[in-house]
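Per-entry structural report
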Amino acid sequence: MQILLTVLPFKPGNKVTDVKNSQYLSYQNTVRFKTGNFLLHSHHLTYPDIGLNQVTGYGHRDENNKWEVERCLSTPGYGDSVIVSGDMIQLRHIATGRYLSVLPDVAGVTDLADNRVVTTETSDLNSCLQVSTSDLTHKFKKIETFQTDVVMFSLNNKCALKIGKKKLPEYGAKQLEVTCTRRHVRNPALVHFTLEHNISPVEADNVQGILPAGFFSKLYEMQIKMLVTNNALLPSEEEPSSRPWMWPVNWKGLWFALSHQHGGVYFLGNPVIFWTNLIMIFVLLAINIIQAYSQLRDRELPYKKAELYQSNWYLFGYLLHYLPFYLMGRILYFHHFYSAFIFNCMLTGGVVELLLAGCSSAMRIRGALLLVIFLSFIAFAPLAYGIPVDEDHKTYGYIKWFKWLNTWGF
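The shown structure was predicted, so the numbers you read here are calculated from the model rather than taken from an experiment.

Counting its regular elements, the chain contains 5 helices and 15 strands. Split into buried and exposed, the 410 residues of the chain put 46% on the buried side. When contacts within the chain are restricted to residue pairs at least 6 apart in sequence, long-range pairs at least 24 apart make up 72% of them. Of the roughly 21300 Å² that the chain leaves accessible, carbon and sulfur atoms contribute 61%.

Moving on to the pattern of salt bridges. In the structure shown here, the tally under the stated rule is 10 salt bridges. Among the salt bridges present, the one from Glu 196 reaches Arg 61, with a minimum N-O distance of 3.0 Å. Of this pair, Glu 196 sits in strand β13 (residues 193–199) while Arg 61 sits in the loop between β4 (53–58) and β5 (67–71), and the two are 135 residues apart along the sequence. Taking the relative accessible area as the measure of exposure, Glu 196 reaches 14% and is therefore buried. Residues Arg 366 and Glu 353 are paired through a salt bridge, measuring 2.9 Å at the closest nitrogen-oxygen approach. You can see Arg 366 sitting in helix α5 (residues 362–385) and its partner Glu 353 sitting in helix α4 (residues 338–356), a full 13 residues away along the chain. Connected through salt bridges with shared partners, the residues Lys 34, Arg 61 and Glu 196 form a single ionic network.

So, on to α5. In this model α5 runs 34 Å from its N-terminal to its C-terminal C-alpha over 24 residues, within 8% of the 34 Å that 1.5 Å per residue would give. Maximal helix bending in α5 amounts to about 45 degrees, located at Ala 379; proline Pro 382 follows within four positions. Of all the positions in α5, only Ala 362, Ser 376, Ala 379, Phe 380, Ala 381, Pro 382 and Leu 383 are classed as buried.

Think of a pair of aromatic rings as described by two things: how far the centres are apart, and how the planes are tilted against each other in angle. One pass over the structure, following the stated rule, counts 23 aromatic pairs. Judged by centre distance (5.5 Å) and plane angle (25 degrees), the rings of Tyr 318 and Tyr 322 are stacked. Highlighted residues: Tyr 318 and Tyr 322, both in helix α3 (residues 305–322), separated by 4 residues, approximately one helical turn. Residue class for Tyr 318 comes out buried when judged on its relative accessible area of 4%. The buried category is assigned to Tyr 322, whose relative accessible area is 6%. Their ring planes at 85 degrees and their centres at 6.4 Å tell us that Phe 380 and Trp 408 sit as a pair that is edge-to-face. Of this pair, Phe 380 sits in helix α5 while Trp 408 sits in the segment after α5; the two residues are 28 residues apart in sequence, bridging distant segments of the chain. In this structure Phe 380 comes out as buried when scored by relative accessible area, which is 8%.

A few words on the packing of helix α2 (residues 271–296) against α3. For the pair α2 and α3, interaxial distance at closest approach is 11 Å and the crossing angle is 135 degrees. On the basis of the axis angle, α2 is oblique to α3. Crossing geometry of α2 relative to α3 is assigned as left-handed. Between α2 and α3, the residues in contact are Ile 281, Leu 284, Leu 285, Ile 287, Asn 288, Gln 291 and Gln 295 and Lys 305, Leu 308, Ser 311, Asn 312, Leu 315 and Tyr 318, respectively.

Here we come to the nonpolar core. In terms of nonpolar packing, the biggest core is built from 29 residues, with Trp 247, Leu 284, Tyr 318, Phe 337 and Leu 347 touching the most fellow members. Those elements that provide at least two residues to this core are α2, α3 and α4. Looking at this core element by element, the count peaks at 7 residues for α4. Each residue touching Leu 347, except ones within four places of it in the same chain, is listed here: Met 280, Ile 281, Leu 284, Ser 311, Tyr 314 and Leu 315. With 27 residues, the next largest nonpolar core counts Val 31, Val 55, Val 117 and Cys 159 among its residues.

This part is about unusual backbone geometry. With the exception of glycine, the majority of residues adopt a negative phi angle, and the majority of peptide bonds are in the trans configuration. One non-glycine residue, Gln 28, lies in the positive phi region at around 75 degrees. Along the chain, the position of Gln 28 falls in the loop between β1 (2–8) and β2 (30–35). For Gln 28, a relative accessible area of 39% gives the class partly exposed. A positive phi angle, close to 60 degrees, is found at Asn 250, a residue other than glycine. Considering the arrangement of structural elements, one finds Asn 250 in the loop between α1 (215–231) and β14 (254–259).

This next bit is on the state of the cysteines. The tally for this structure, following the rule as stated, stands at 2 disulfides. Between Cys 72 and Cys 128 runs a disulfide, and the two sulfur atoms are separated by 1.7 Å. An S-S torsion of about 45 degrees defines the bridge between Cys 72 and Cys 128 as right-handed. Remark: Cys 128 occurs in strand β9 (residues 128–133) and Cys 72 occurs in the loop between β5 and β6 (88–93); sequence separation between them is 56 residues. Shown here for the chain is a disulfide pattern of 1-2, 3-4, where each number marks a bonded cysteine counted in sequence order.

Of all residues in the chain, 77% have pLDDT values of 70 or greater, and the mean over the chain is 78. Every residue in residues 1–18 scores below 50 in pLDDT, and together they form 92 contacts with partners more than four places removed in sequence or on other chains. Every residue in residues 204–211 scores below 50 in pLDDT, and together they form 18 contacts with partners more than four places removed in sequence or on other chains.

Cut-off values and rules
Residues numbered from 1 in each chain as written. Predicted model: local features only at pLDDT ≥ 70, side-chain atom pairs only at ≥ 80, totals over all residues. Heavy atoms only, no water. Helix = DSSP H or I, 4+ residues; strand = E, 2+ residues; numbered from the N terminus. Buried < 20%, exposed > 50% of the residue type's maximum accessible area, 1.4 Å probe, protein only. Contact = heavy atoms within 4.5 Å. Areas by Shrake-Rupley, 256 points an atom, 1.4 Å probe, with all protein chains shown as cover. Salt bridge = Lys/Arg side-chain N within 4 Å of Asp/Glu carboxyl O. Expected span 1.5 Å × (residues − 1). Bend = angle between axes of the 7 residues up to and from the residue. Phe/Tyr/Trp six-rings, centres within 6.5 Å; stacked < 30°, edge-to-face > 60°. Axes fitted to C-alpha atoms, helices over the stretch in contact; angles between N-to-C directions. Parallel < 35°, antiparallel > 145°, perpendicular 65-115°, else oblique. Left-handed = near helix turned anticlockwise from the far one by under 90°. Core = buried A, V, L, I, M, F, W, Y, C linked by side-chain atoms within 4.5 Å. Disulfide = S-S within 2.5 Å. pLDDT = per-residue confidence, 0-100.

And the structure:
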């Protein structure tokens, strides 16, 4: 069985590392592979049904994360030591001396649709890995530390190595199971690994080392690292999550705590404020259209330029903090909206002031709005401070009358 390591472009070299890494992946190097917050890991613990050592995902660096890159059986590579796209390798687990292998006829424990990944005492074709790029234009390209994402793909089983989201039982120390999945085509981020640790025993002078870097170089690098790491935080099937379009409309909340004895805390936005904020975005757009039309017709401008300019900046801040979430592949929660929500609240205040400019009843209208906001806070406060629930985790009391959408889970 062969496994294909597909290289994906775009990741900056880690100039702030305190470990001297080889610049390129080479034979005999000691490496660590990481996806998200978890490292490719193995140990002496075995699967009870087959008696072979487990390969898992583990969140802490230790000696069990380290693998040695060797030539696959007697297959020659291109070049003397540096591995390029097209070379054949195998991974030997340093702590146990065993070889990573994909079992073609044994299903995973946490996902029966995947193949199980183990380590074996000796290497064979099941241990062979082919290092390749994602397209033919990257043939013979060197694999760079930190700069290249890799995918380990089994050609015989047509599946890709992944660190799953489900934990093994007690016999696996409740670590995440590593399997070989066929669902990587629909979700490629599931199977991306980063070459994080790459130490050469022979090429002492061909290392990145601790390279000097300026402030902006470090800032850029860490932003990219955070982006890549966040995109690897994928939701499991049973984990509650949400999508960005749900947040402005207050589509659904999230239980932070739920107990029959102590009640529950349900994270939900105040619908009066949320829906008012959403309406005010469209009102601001309408105001800008009216202002632009009046200017084209050389008419008196209905709104003050300075105040409208200020509200437009609030809209810009809102979009800047909200729209990027549509580009993220990571798991998302309702609270991710709250940085944009602050700008939305300021936008609402600015639009209200634009509408009340020159109004003789402005003070009374402001007072009425504050009263509505205060009363809505009182009405929905039990959600945040603890609501009573019965044995079926259903709310009772007056708060049930404030469940205005069926998607709200209280």
